[in-house]
Structure formats: C-alpha cells, structure tokens
Amino acid sequence: GSWRLSFFTKGENLMFKMAKLEAFAISVPLTSLVVMSGIVIPTANNLIVRIEDTDGIVGWGESASGPTMTGETPEGSVAAAKFMGVPLVGQEIEDVTAIPDIIRDLMYGNEGAKSAVEVALLDIAGQKVGKPMYALFGEKLRDRMPVLKLLSADEGSNEREAALKFADEGYIAFKVKVGVKGLKRDIERTQDIRTALPTPMRVSADANQGYNRDDAVQFAAAAGEFGLDFFEQPVHGRDLEGMKACADATSILIGADEGFHSQADVKRHHENGAAHGGSLKPIKLGGPSEVMKTAKLMVGLDMRGNLSGKMADTSIASTAISHLGVVVPQVDWDVMMSTPYLADDITDTPIQVIDGHIAPPERPGLGIVPNEEKLARYTVIR
C-alpha cells in the first residue's frame, strides 16, 4: 500500500520503497561509571537500525536498552527490529504521518526498537525532500534548547565546584541524582548545589524510583524549603499514591519519568494529582511522533515537560531528540543529552553542546552519519 503526505507542497516526491533493514547492537564505554538508584551503568548498550531504500538512500535510528525501564535488552531489541524489517521491506511510503501507524501494528511492545525504526524512516524522508527531520513535524518554535546537566552522585566528587564550572561554560539547568547516598546526604547535596547557583539557573533532583514513600515525602518537603524546579520520580513509577503524597507535601513540582510510558499514563498522573509534568523519552513512547502527540497532550493539561535520552545515547539518538526539541510545544524542563557521557561516539561529527545548549543540524534528514569503522569496532551483536 501507499499513503499521501499532506505536509509537503504538491510536486515534491517523497515516495520511497524500503529495500533493506539491518539491525545490530553496539557497546560503547562511558567516560566513568554512571550511578543511579539500584543500577550502575559502565557502557552504552544500544540498538542501531540501518534502513536503505531502493534509491540507495540510508536512514539511521538508535535506541538504548533499558531492561528496568522498557524491558528491552540489546539482544531483544535487535530481534524485534529484524522481525519488523521483514514486512517493512518492499513497503512504499508517501506519507510520514502514516509511518508510526505502520510500525505500531507490526508487533506488540518493543517501543525502543519501534522508535529506532521510525527515526531511520524519518531520516530517509527528510533526505528525500531535502529538509531537516524537524521540518517533517511542522513549524520550528525555537532555535536551540538548554541542556539539563547531570551532577554526579559520587561522594568523591565536588559537585558544588563542578556545578559552578558548568555554569561558567553556559549551562543554566542542572539535575542532581538522588536516592543513592541516603536521605540526609541527598538533601545536603541538593541544597548545597541550589545555594551555590544563582536563582535564574534551574536545579532539579531525580530519584529514579530510589526512595521509599516516607523518604520521598521527607525529601520533597525539605526541597520545598530551599527550592527546586522539580523533583523527578521520587518513588516507583506505579506508585501514584506515593507521587501524590510527595506533591501534597511540598511547594515544588513533581515530575514522572519511569511512570510515563503512554498518553494514558500522563492522563492518569494528572487525574490523580500525582505529577505536574514529566520526562518524554522516544524509547518509552515508541518514537518521535508519539512524543509530539504526548507533548501536545501535556500542554493541554497544563503539565510541564522535558525531552530526554537514556544513559547513554550516541549522536544518532541524541540528534533525533534535538530535532524534536525545536518543534515540541514546550520544553519547560529542558533537554537531557547523554552523549557527552560517552568515551567515544560512532560518528565523526557528534552533536555538540555549545554554551550549555544544543541545536539540531540543518542538513537534510537526521543530519548524522556514522563512521563505519567506529560502528564495526563497537558492534557486539549482529
């Protein structure tokens, strides 16, 4: 079948037919261990999808594995992408708005793998019409976005000094990882950083589900005294009562991350007073198109939001997020980029954080092409 695209002007030829889909997993070292609640991450273990059309145009997509967030492992993601590739090969596409519907019906779940496939197809579509990926979604609303800088939970590092250094480099938004060093220490660390940075700069905290309900409420109440922009995922993603208890105990805003996997989740948190906003990740929602729909829903519900990758994306996934960042209705809570935490990247032109901000490439499609030698070096599953 084929579909007509309404976004592009008459006469532009978008039609392309998929000729080949390849899927493999990479493992790229991080600059240092990333410590989160209940998990230590030493490497980025990600799915890479390569789709080629019958004209030889290649599109790239990526999704990070997230066994504790999405249930997807590198092995499972590769298998899912290959499974979807069988019916996709030979498919003709004229309408980018139909892409997510086509992908969604290929198999149940596996939202990260679906996201990687969608990004690769959007990469091809943008190249076909000579426009950046963001232009496929409509009007550009901003030129660049502040990057949410993560601050280490390692007691051996001077977080206050690091925060001031990053502020001098142009960063204006910071997130403190909590739920790993004990409640008292977390409160002290976060207050110290909030006090050190000028008020216009934004400071948030993320527990990654690491607190029990009592500790989460205590942290939220204490944070209300010294002020944070938001407190993310204080308790387990399914514990809406605990989320509401935190919201009731403090003047700061409560955000969801692991609790947001669908528009239904967003509505449920809103209806229960469990969150004032949350983190939108393509790997949780199933791709860029669903991120756009969910962001628009959140604006209608007067909820805040940020865009985020998983720990850690290469420049393929991070660039896709940068394209979304200039077209989503709002990014009140900024954009979290994990690429800077990699010891290496798989492209010679990695996305750059400049003065604490990012902007998408203006090249057609995604605007990022991997270095084949680096890709081969880090590939672990074909």
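In this text the structure is predicted, and so the values were computed from the model without any measurement.

Some points on unusual backbone geometry
Consideration 1: For the bond running from M311 to A312, omega is 0 degrees, close enough to zero to count as cis.
Consideration 2: Tracing the sequence through the fold places A312 in the loop between β12 (304-308) and α11 (315-325).
Consideration 3: Despite not being glycine, D334 shows a phi value in the positive range, around 70 degrees.
Consideration 4: By the element assignment, D334 lies in the loop between α11 and β13 (335-336).
Consideration 5: We classify D334 as buried; its relative accessible area is 3%.

Comments concerning the nonpolar core
Consideration 1: Core analysis: the largest hydrophobic core is formed by 60 residues, its most contacted members being V49, I51, V117 and L121.
Consideration 2: Non-local contacts of L121, meaning those with residues more than four positions away in its chain, are made with F16, M18, I51, I93, I99 and I103.
Consideration 3: The next biggest cluster of nonpolar side chains, apart from the first, holds 59 residues, and it includes Y171, L183, A247 and L324.

Some thoughts on the environment of I358
Consideration 1: As for its placement among the helices and strands, I358 is situated in strand β14 (residues 357-358).
Consideration 2: On a C-alpha basis, the gap between I358 and A207 in space is 25 Å, while along the polypeptide they are 151 residues apart.

Some details on the packing of helix α1 (residues 74-88) against helix α3 (residues 111-129)
Consideration 1: Their axes nearest at 9 Å, the elements α1 and α3 cross at an angle of 50 degrees. Classified by the angle between their axes, α1 and α3 sit oblique to one another. Here α1 and α3 pass one another in a crossing that is right-handed. Across from S77, A80, A81, M84 and L88 in α1, the residues of α3 making contact are A113, K114 and V117.

Observations regarding empty space enclosed by the protein
Consideration 1: Summed over all chains, the structure comprises two cavities of 30 Å³ or more.
Consideration 2: Looking at the largest cavity, its volume works out to about 100 Å³.
Consideration 3: In terms of lining, the largest cavity is formed by 15 residues, of which the most central are E62, P282, I283, A317 and I321.
Consideration 4: When residues of the lining of the largest cavity are traced back to their parent elements, those giving at least two are β3 (58-64), α3, α9 (282-285) and α11.
Consideration 5: Its residues assigned to classes, the lining of the largest cavity comprises seven nonpolar, four polar and four charged.
Consideration 6: In this model, the second largest cavity occupies a volume close to 40 Å³.

A closer look at the confidence of the model for the protein
Consideration 1: In the predicted model, the protein carries a mean pLDDT of 92, and 94% of its residues have values of at least 70.
Consideration 2: Low pLDDT, under 50, characterises residues 1-12; the stretch is placed with 26 contacts to residues that sit more than four places away or in other chains.

Observations concerning the side chain of K374
Consideration 1: As for its position among the elements, K374 is in helix α12 (residues 372-378).
Consideration 2: Side-chain polar atoms of K374 contact the backbone oxygen of D345, separated by 3.5 Å.
Consideration 3: Excluding anything up to four places from it in sequence, K374 contacts D344, D345, I346, T347 and D348.

Cut-offs used in this document
- Residues numbered from 1 in each chain as written.
- Predicted model: local features only at pLDDT ≥ 70, side-chain atom pairs only at ≥ 80, totals over all residues.
- Heavy atoms only, no water.
- Helix = DSSP H or I, 4+ residues; strand = E, 2+ residues; numbered from the N terminus.
- Buried < 20%, exposed > 50% of the residue type's maximum accessible area, 1.4 Å probe, protein only.
- Core = buried A, V, L, I, M, F, W, Y, C linked by side-chain atoms within 4.5 Å.
- Contact = heavy atoms within 4.5 Å.
- Axes fitted to C-alpha atoms, helices over the stretch in contact; angles between N-to-C directions.
- Parallel < 35°, antiparallel > 145°, perpendicular 65-115°, else oblique.
- Left-handed = near helix turned anticlockwise from the far one by under 90°.
- 1 Å grid on protein atoms, 1.4 Å probe; cavity = no way out; pocket = protein on both sides within 12 Å on 5 of 7 lines; lining within 4 Å.
- Points joined across faces, edges and corners; volume = space filled by probe spheres on them.
- Nonpolar A, V, L, I, M, F, W, Y, C, P; charged D, E, K, R; others polar.
- pLDDT = per-residue confidence, 0-100.
- Polar contact = N/O pair within 3.5 Å; in protein donor to acceptor, adjacent residues only side chain to side chain.

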